[in-house]
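Read off the chains here:
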Amino acid sequence: MKKALALILAMCLAAFASSTSSASSAQQTIQRIDGEVYGLAYMSLEESPKYLQDDIVAARNEIIAATDGWVADGFTGEVIDFETGEVQEVLPSFHDIFPEDWELPVGEWEGTRQSDTNIQPCSTGQYSASVEAWIPKAINGVKATAIYWFRLDSNHLGGTVAATKTGAAKTHNLSLCDRYSGAAYAQALRLSPSQGLHVNILDVGKGTTDIDVRVSTFDTPSWGTVQVLVPYLPSTSVR
């Protein structure tokens, strides 16, 4: 069995080395990942034995979690300077860098939060918050409890999140996930305290989308300040 599995992995690694641009793009932006993980991740899930399928999904999620930045299909995302709003990097769409049969990772943290309160809009309709939060050590990406959540809808088409003070943590990781399913919508790793993650929802007709804010660090865990800004921007004002 081990010999057969090794042969399968070797074949998949060879296929990965000559794979299409989506795979190579992912390879350029991720941390060092063990070759066996790549071999599993790029196997066909449908054609693989059932006993390997959970391992294949886990390998894919490990690669996704190690990728520096991406945003789910149906959203746009940028890394910005939180003070000036300057766009520093446009994040690629999920399926621009990962194969079409890969699915958004669903967090094992579903239902766990540092706070279960959402950000309430002020009189202008804008959501904003600044809270002290614990920034934990990253485990396989941005696996951490949510700090709080906010809502995108037809009047709030986008939001920005930034850890503006990170204490002993030199950099931080941000992840935005569906509050109920745990599916990740956007990710940006190794941001400085001056950087934030901004997302816009493209399908304004889908109703409300409640988003958990998660933050972690590859450095020393620490208390920090996390800010969220969701401007009032009705869909009728978008051209």
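Residues numbered from 1 in each chain as written. Predicted model: local features only at pLDDT ≥ 70, side-chain atom pairs only at ≥ 80, totals over all residues. Heavy atoms only, no water.

Caption draft 1: Molecular detail of the overall build of the protein chain. Along its length, the protein chain carries five helices and 11 strands. Relative to its full complement of 239 residues, the protein chain shows a buried share of 47%. Sequence separation of at least 24 residues holds for 75% of the intrachain contacts in the protein chain that already meet a minimum separation of 6. With an accessible surface of roughly 11,700 Å², the protein chain has 53% of that area assigned to carbon and sulfur atoms. (Helix = DSSP H or I, 4+ residues; strand = E, 2+ residues; numbered from the N terminus. Buried < 20%, exposed > 50% of the residue type's maximum accessible area, 1.4 Å probe, protein only. Contact = heavy atoms within 4.5 Å. Areas by Shrake-Rupley, 256 points an atom, 1.4 Å probe, with all protein chains shown as cover.)

Caption draft 2: Seen up close, the confidence of the model for the protein chain. When pLDDT is averaged along the protein chain, the result is 77; 72% of the residues meet or exceed 70. In the model, residues 1–31 has pLDDT below 50 throughout and makes 39 contacts with residues more than four positions away in sequence or in other chains. (pLDDT = per-residue confidence, 0-100.)

Caption draft 3: Local environment of the environment of Lys-170. You can see Lys-170 is positioned in the loop between strand S6 (158–165) and strand S7 (172–178). On a C-alpha basis, the gap between Lys-170 and Ser-222 in space is 9.9 Å, while along the polypeptide they are 52 residues apart. The contacts of Lys-170, once residues within four sequence positions are left out, are Leu-191, Ser-192, Pro-193 and Asp-219.

Caption draft 4: Quick look at the pairing of strand S11 (residues 222–230). Relative to S11, strand S4 (residues 127–135) runs antiparallel, the two sharing nine bridges. Each bridged residue has a counterpart across the sheet, and for Ile-135 the counterpart in S11 is Ser-222. Two strands pair when backbone bridges link them, and S6 and S11 are joined in this way by five bridges, in the antiparallel orientation. Paired with Lys-165 across the strands is Thr-225, a residue of S11. (Pairing = 2+ DSSP bridges.)

Caption draft 5: Quick look at the pattern of salt bridges. Summed over the entire model, instances satisfying the criterion amount to four salt bridges. Of the charged contacts in the structure, one is a salt bridge between Asp-210 and Arg-151, with a shortest N-O distance of 2.6 Å. Here Arg-151 lies in strand S5 (residues 146–152) and Asp-210 lies in strand S10 (residues 209–216), a separation of 59 residues in the sequence. (Salt bridge = Lys/Arg side-chain N within 4 Å of Asp/Glu carboxyl O.)

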